[in-house]
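Breakdown of the fold
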Amino acid sequence: SSQLSSLPLQILFYVTGIYYIFYFLATLAMIIYKSQVFSYPDDFLAPDLAVLFLMAILEVPRLYLGCKGNLQEEEAALGLSLGLTVGSVLLAVYLLAWQTYVLWADVLLNALLLSAYGLESGLKVTAIAAFVS
Amino acid sequence: VSAVAKLCGCDLLGAQCEPNCCCDPDCSPQEFSLFTSCSIPVVRGDSHLCREKAAVYSLDVEANPPERIFKIIEQVNPSIFCIYATNYEQALYLKSPEIPTPENFDELLHKFGGAAFSAEPENWNLDTEAPNPPEANGTLRYEYGLPIQTEDAFLRLPSPVVSSWCSDANPAGFLVNQATKCIRSVSVEKCERIPALNMLFYTNSSILAVPKSSQLVNVSVQSMVVQSLNGMRTLLKGNDVLRLPVVLDGLCLNIVLGVTYHITYTATGEITEAAASFVLGAISKETLSIQQSFQITFTQVNTKPVPLSGNPGYVVGLPVRAGFRLQEYPFPAEFGHSQLSILPSTSHQDCLAAQAARAPVRFGYNIMSGCKLRITAAMKCQPLAHTLLDVLKGQNFPEYVASFGNSQAQDVLDWVPITHTVISEQRISTTLQGSCQIPVSLGIEVKWTKYGSLVNPQARIVNVTATLTTTTLRQLPPGRERIIPVTSSVVFTDISAPAEPGYKALPTINIKLPFDFFYPFV
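Rules and cut-offs
Residues numbered from 1 in each chain as written. Chains lettered and ligands numbered in written order. Predicted model: local features only at pLDDT ≥ 70, side-chain atom pairs only at ≥ 80, totals over all residues. Heavy atoms only, no water. Phe/Tyr/Trp six-rings, centres within 6.5 Å; stacked < 30°, edge-to-face > 60°. Helix = DSSP H or I, 4+ residues; strand = E, 2+ residues; numbered from the N terminus. Buried < 20%, exposed > 50% of the residue type's maximum accessible area, 1.4 Å probe, protein only. Expected span 1.5 Å × (residues − 1). Polar contact = N/O pair within 3.5 Å; in protein donor to acceptor, adjacent residues only side chain to side chain. Contact = heavy atoms within 4.5 Å. Buried area = accessible area lost by both parts, 1.4 Å probe. Salt bridge = Lys/Arg side-chain N within 4 Å of Asp/Glu carboxyl O. Nonpolar A, V, L, I, M, F, W, Y, C, P; charged D, E, K, R; others polar. Pairing = 2+ DSSP bridges. Axes fitted to C-alpha atoms, helices over the stretch in contact; angles between N-to-C directions. Disulfide = S-S within 2.5 Å.

**Quick word on the packing of aromatic side chains**
All names here are of chain B. Per the counting criterion, the structure on display carries 26 aromatic pairs over all chains. Aromatic pair Tyr57 and Phe70: ring centres 5.2 Å apart, planes at 20°, arrangement stacked. You can see Tyr57 sitting in strand 2 (residues 51-60) and its partner Phe70 sitting in strand 3 (residues 67-76), a full 13 residues away along the chain. Assessed through its relative accessible area of 3%, Tyr57 is described here as buried. On the accessibility criterion, Phe70 (37% relative accessible area) is partly exposed.

Quick look at the structure:
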């Protein structure tokens, strides 16, 4: 067992990355739909959009650091990625529970994303433990 | 108990039970048993929500007595875009308007204070004054409704305000065709001093050709008609002499009874000509008030408008247009316009006395009028027949009647010829051959039909028949005289066929393959 890098984690990074692109476009489209169909004043629209774009910006270094840490068996990068994952989880919880209008599709997408993050976090912790020891 | 159970859209009367309103809380079970159906079967909240409560009301007619069934059910929206939750309280409710407070009053006034709310309050310019931007050179022009300005004030068209008495302060608006009638109090002693009875009052101030300019247009006198005390009107020839009120023999002559202004304008909003036609009359010592009528019409330069009686179908109340054929076949026929008119009923009822103006036949108005003819022994039959024919038919009895209200003179097929029939009334079987017949009755029957679409049918005249009834003039013993009634009538009959809906042809699909579709094989 010379290789400590976790294969399931790597697969999960790719799957999460692709799923995230779909998630971002779908959530943006639904916000646009909600602003047309329902009454969506600007003071409520701005925070929702800000959270979505912030999450997108966080996702890129999160996945990059995670991939790098896993492949190079570096626990520091993986730890940083875990920290960013916590931030993304909080933002996903905001979009799930505290958005102005939460549609049923929003609930499904966010639930799926949160479960992916949860699985990812578990695998990262295992990988860090394997690297450290 | 949820909000849905408390809402009831048909409960309009407070403490009373509304019939067929199943959600009304004021109804008792006995009253429910009298209902036939529920006017509001379901009361629900916003259908966008994923799960929401709905109150369902129904009547169980099988039971005896019928009873109301009330259920609260959970309605599920199966769409994936249903609203699961909202964090915004006013999301699904109408926005309540802002209450003005001293802080936001100015802003609210700026946004909502005008006649229209603009989306961009910043570029809203307060332009509520009359559209007269200060300009030195006269590039102004008259616009619709703008009062016509004269040297001193405005062109006056006296009209009744509040009561029927004339008010001289009503200005005439540009391009606003108006006709007004009002009453003015007069007296023979003061008639020369009342300005509104004087022709000069209406002609002396010149009209400005363009507002706020120095170009003047004089009001010329186009025609003068003098009306005598018994109502007979004569057109005066030679209208260059102004006739001012003058007291003569206890009568005041030449007082203005009616003015018609004809204003000619150009397409750029400039007045080029103004003419006034007057009706002058006389008053006696007993007259305390007279009725004056005023009218103003506008014509564009170089046009000769023909007043239409409908576009295209006749409008009830407008005169029936008639005409003559001016040229014979084979030249294209042109029609000269004239009026279909009928004998007017006058107060003296004597057929042979001088006539007042004949009444025009208006579409849709059945008229019957007449006069009495006194026949003496000395009257000769032939001239009497001729005079009566003139009295009944008028001077220029037309040959054709326009089928539509807007028929043009050039469209030959749009004109309906008037068919004449003569019926002779034989009261006694003894008829002398060659005995003279005098016309005693003219009946014009106009048959019209509804033409065009079912939604907006237009009236179209199809047939006009003028029936002249004649009777034999029996020779009277000398010294005796007879009075016979002479009548004329106009009747409009609707001969519309019952409507048949027309269906458009079913659309056909025209598919053609290209010529070389099966190229290699064909």
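**Describing helix 1 (residues 7-37) of chain A**
In a regular helix each residue adds 1.5 Å, so 31 residues correspond to 45 Å; helix 1 of chain A covers 45 Å between its end C-alpha atoms and thus fits that length. Near the N-terminus of helix 1 of chain A, the side chain that reaches the backbone nitrogen of Leu9 of chain A, with its oxygen 3.2 Å away, is that of Ser6 of chain A.

**Quick look at the interface of chain B and chain A**
Contacts between the two partners involve 12 residues from chain B, matched on the other side by 18 residues from chain A. Note on chain B versus chain A: buried area summed over both sides is about 1,300 Å², and carbon and sulfur give 68% of it. Applying the counting criterion to the chain B and chain A interface returns 0 salt bridges. Across the chain B-chain A interface, the total number found is 8 residue pairs in polar contact (both at pLDDT 80 or more). A class-by-class count of the residues in the side of chain B that touches chain A yields 9 nonpolar, 3 polar and no charged.

**Some thoughts on the pattern of salt bridges**
In a structure, side chains of opposite charge can pair up when their charged atoms sit close to one another. Residues and elements named next belong to chain A. Under the counting rule described, the total for this entry stands at 10 salt bridges over all chains. The partner of Lys34 in a salt bridge is Asp106, with the nearest N and O atoms 2.9 Å apart. Residue Lys34 is located in helix 1, and its partner Asp106 is located in helix 4 (residues 104-132); the two are separated by 72 residues in the primary sequence. Across the pair, exposure class does not vary: Lys34 and Asp106 are buried alike. Ionic pairing is found between Glu120 and Lys124, a salt bridge with its closest N-O pair at 3.3 Å. Of this pair, Glu120 and Lys124 both sit in helix 4, separated by 4 residues, roughly a single helical turn. Taken together, the salt bridges that share partners define one network made up of Glu59, Arg62, Glu120 and Lys124.

**Things to note about the environment of Leu9 of chain A**
Relative to the helices and strands, Leu9 of chain A is located in helix 1. Those residues in contact with Leu9 of chain A that sit more than four places away from it in its chain are Asn70, Leu78, Glu120, Leu123, Lys124 and Ala127 of chain A.

**What to know about the sheet that holds strand 2 of chain B**
All names here are of chain B. In spatial order, the strands read 1-2-3; together these 3 strands make up an open sheet with antiparallel pairing. Either end of the sheet is taken by a strand with one partner, and the two such strands are strand 1 (42-44) and strand 3. Ignoring strand direction, the axes of neighbouring strands in this sheet form an average angle of 20°. Pairing of strand 2 with strand 3, which is carried by 10 bridges, proceeds in the antiparallel orientation. The partner of Tyr57 across the bridge, within strand 3, is Phe70.

**Focus: the state of the cysteines**
Residues and elements named next belong to chain B. All chains considered together, the criterion is met by 7 disulfides over all chains. The disulfide partner of Cys22 is Cys38, and the S-S distance across this bridge is 1.9 Å. Measuring the twist about the S-S bond at about -90°, one finds the Cys22-Cys38 disulfide to be left-handed. Note that Cys22 is positioned in the loop between helix 1 (3-6) and helix 2 (29-32) and Cys38 in the loop between helix 2 and strand 1, a separation of 16 residues in sequence.

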